[in-house]
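Residue-level listing of the chains:
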Amino acid sequence: MPSQKERSETTRAALCAAFRKSLLVRGLEATTTAGVLAETGLSKGALYHHFSGKLEIVEAVYRDESRAAVLRAAASVSSKLSPIARLKQACLAWLDQLDQPDVARIVLELGPEALGMRRVREIEDALTLRLFRASLQEAVACGEIAPLDAGLAAALINGAIAEIAALPKRQRTVAAATVGPVIDAIVQALGEQA
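Rules behind the numbers
- Residues numbered from 1 in each chain as written.
- Predicted model: local features only at pLDDT ≥ 70, side-chain atom pairs only at ≥ 80, totals over all residues.
- Heavy atoms only, no water.
- Helix = DSSP H or I, 4+ residues; strand = E, 2+ residues; numbered from the N terminus.
- Expected span 1.5 Å × (residues − 1).
- Buried < 20%, exposed > 50% of the residue type's maximum accessible area, 1.4 Å probe, protein only.
- Arc of directions from axis to C-beta.
- Contact = heavy atoms within 4.5 Å.
- Polar contact = N/O pair within 3.5 Å; in protein donor to acceptor, adjacent residues only side chain to side chain.
- Salt bridge = Lys/Arg side-chain N within 4 Å of Asp/Glu carboxyl O.
- Core = buried A, V, L, I, M, F, W, Y, C linked by side-chain atoms within 4.5 Å.
- 1 Å grid on protein atoms, 1.4 Å probe; cavity = no way out; pocket = protein on both sides within 12 Å on 5 of 7 lines; lining within 4 Å.
- Points joined across faces, edges and corners; volume = space filled by probe spheres on them.
- Nonpolar A, V, L, I, M, F, W, Y, C, P; charged D, E, K, R; others polar.

1. Re helix α8 (residues 150-166)
The end-to-end C-alpha separation of α8 is 24 Å, in line with the 24 Å expected for 17 residues at 1.5 Å each. Looking only at α8, the buried set comprises Ala150, Ala153, Ala154, Ile157, Asn158, Ile161, Ile164 and Ala165. Seen end-on, α8 carries its buried residues on one side only, within an arc spanning 130°. Where α8 is buried, its residues touch α5 (83-97), α6 (101-115), α7 (117-141), α9 (169-176) and α10 (179-193). The N-cap of α8, judged by a side-chain oxygen 3.1 Å from the amide nitrogen of glycine 151 a few residues on, is aspartate 149.

The following block contains the structure:
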């Protein structure tokens with residue numbers, strides 16, 4: 001028999017999955033809590049136990065989609081590469097995730113439309129800055145790069161990748177070729193400042 005926690009997690013996952021599907025099929029405006037509840041057979045009480053309303057569910061869908069894309073990108077990179085090479089490859093792999101229509105629609109369109117760019121950036125920063133900072137610190141520790149302010153370097157790299165992600169697909173593809181040189185330039189410039 002599933003525990004209360006397991007049942008709760010299952011309900012939350014079902015709500016998020018139903019909202020994700022509805023958002024992708026119907027769009028933000030046409031997706032309603034009433035419609036999703038009717039589809040899933042869940043009660044208002046179940047919904048409000050987990051979320052305060054539609055916006056909070058959309059944020060959860062956005063966060064889940066973005067986290068999954070980041071994890072897939074990170075998992076696709078060989079651990080045999082140097083820390084900086086892994087960082088560059090992970091950034092490119094994340095940009096490649098945006099070629100998947102559902103990922104792009106949620107991460108680049110629906111999330112920003114519902115949550116606003118400020119909140120989207122906060123979520124993205126929480127997901128990626130820690131990973132970028134850790135890669136940079138590892139690169140410093142193993143002598144691959146000069147000592148630098150890893151937090152600042154991570155923020156600059158994150159900003160550059162976010163700007164590339166926001167470009168139309170054709171421009172994003174061209175700009176992706178600059179990821180390695182941009183990371184090298186940031187690392188070099190900040191290493192000279194340390």
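2. Examining the pattern of salt bridges
Under the counting rule described, the total for this entry stands at 16 salt bridges. Across the pair aspartate 184 and lysine 88 runs a salt bridge whose closest N-O atoms are separated by 2.7 Å. Remark: lysine 88 occurs in helix α5 and aspartate 184 occurs in helix α10; sequence separation between them is 96 residues. Judged by its relative accessible area of 37%, aspartate 184 falls in the partly exposed class.

3. Concerning the nonpolar core
Core analysis: the biggest nonpolar cluster contains 54 residues, and Cys91, Trp94, Leu95, Leu136 and Ile157 have the highest contact counts within it. For this core, the element with the highest residue contribution is helix α4 (residues 54-75), accounting for eight residues. Not counting chain neighbours up to four residues away, the residues in contact with leucine 95 comprise Ile161, Ile164, Ala165, Arg172, Ala176 and Val179.

4. Re the layout of surface pockets
The volume enclosed by the largest pocket comes to roughly 620 Å³. For the largest pocket, the lining is made up of 29 residues, of which Trp94, Glu124, Thr128, Phe132 and Ile161 are closest to its centre. Of all the secondary structure elements, the ones that give two or more residues to the lining of the largest pocket are α4, α5, α6, α7 and α8. For the lining of the largest pocket, the element with the most residues is α7, which contributes 10 residues. Classifying every residue of the lining of the largest pocket gives 21 nonpolar, four polar and four charged.

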